[in-house]
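Topology and contacts: notes
If you want the building blocks of each chain, they are given just below.
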Amino acid sequence: MTEIAPATQTTATDAADVVMQFRTQGGATVDLYRHTWSVHHYATPNAPAKTFDESGFEWRCNGCDLTGAETHLRMWGAGYREMQPKDSRTDANRHAETCRAMPRPTA
């Protein structure tokens, strides 16, 4: 049985992690970035769990603060898997097309 555990959320504040950006209708950006989360795997009942990291992508709107995980009800901070770059890009762009959020004030 595989269970996704709460992940340490990587943030898109580091420009090196951002793979692509999209602009919302209001001028804010949607950042598509590399994301890592932990997965606990239970091979048999009552056996110690093995934890391993999954890598992939996630997106966050810097206007309304919505993330891809929230739109697809993925649990515990899991992102789009490494083999899903098209899905993550398509979903981030779809959000940017419809979001009217403006950039947050900087002061």
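Please read these numbers as outputs of a predicted model, since none were measured by experiment.

1. Here's the deal with the overall build of the chain
- When you go through the chain residue by residue, the secondary structure sums to two helices and five strands.
- Helices (α) and strands (β) of the chain occur, in sequence order from the N terminus, as β-β-β-β-α-β-α.
- Burial analysis of the chain (107 residues in total) assigns 32% to the buried set.
- Within the chain, residue pairs in contact and separated by at least 24 positions form 59% of the contacts whose partners lie at least 6 positions apart.
- Of the accessible surface of the chain, which amounts to about 6,800 Å², a share of 54% is contributed by carbon and sulfur atoms.

2. What to know about the pattern of salt bridges
- Scanning all chains against the criterion turns up three salt bridges.
- For the salt bridge of Arg60 with Asp65, the shortest nitrogen-to-oxygen distance reads 3.1 Å.
- Looking at Asp65, the relative accessible area reads 36%, which means it is partly exposed.
- Of the charged contacts in the structure, one is a salt bridge between Arg94 and Asp91, with a shortest N-O distance of 3.1 Å. Of this pair, Arg94 and Asp91 both sit in helix 2 (residues 85-98), three residues apart, which is roughly one turn of that helix.
- The exposure class of Asp91 is buried, given its relative accessible area of 13%.

Analysis parameters
- Residues numbered from 1 in each chain as written.
- Predicted model: local features only at pLDDT ≥ 70, side-chain atom pairs only at ≥ 80, totals over all residues.
- Heavy atoms only, no water.
- Helix = DSSP H or I, 4+ residues; strand = E, 2+ residues; numbered from the N terminus.
- Buried < 20%, exposed > 50% of the residue type's maximum accessible area, 1.4 Å probe, protein only.
- Contact = heavy atoms within 4.5 Å.
- Areas by Shrake-Rupley, 256 points an atom, 1.4 Å probe, with all protein chains shown as cover.
- Salt bridge = Lys/Arg side-chain N within 4 Å of Asp/Glu carboxyl O.

Just geometry here; none of it tells us what the structure is for.
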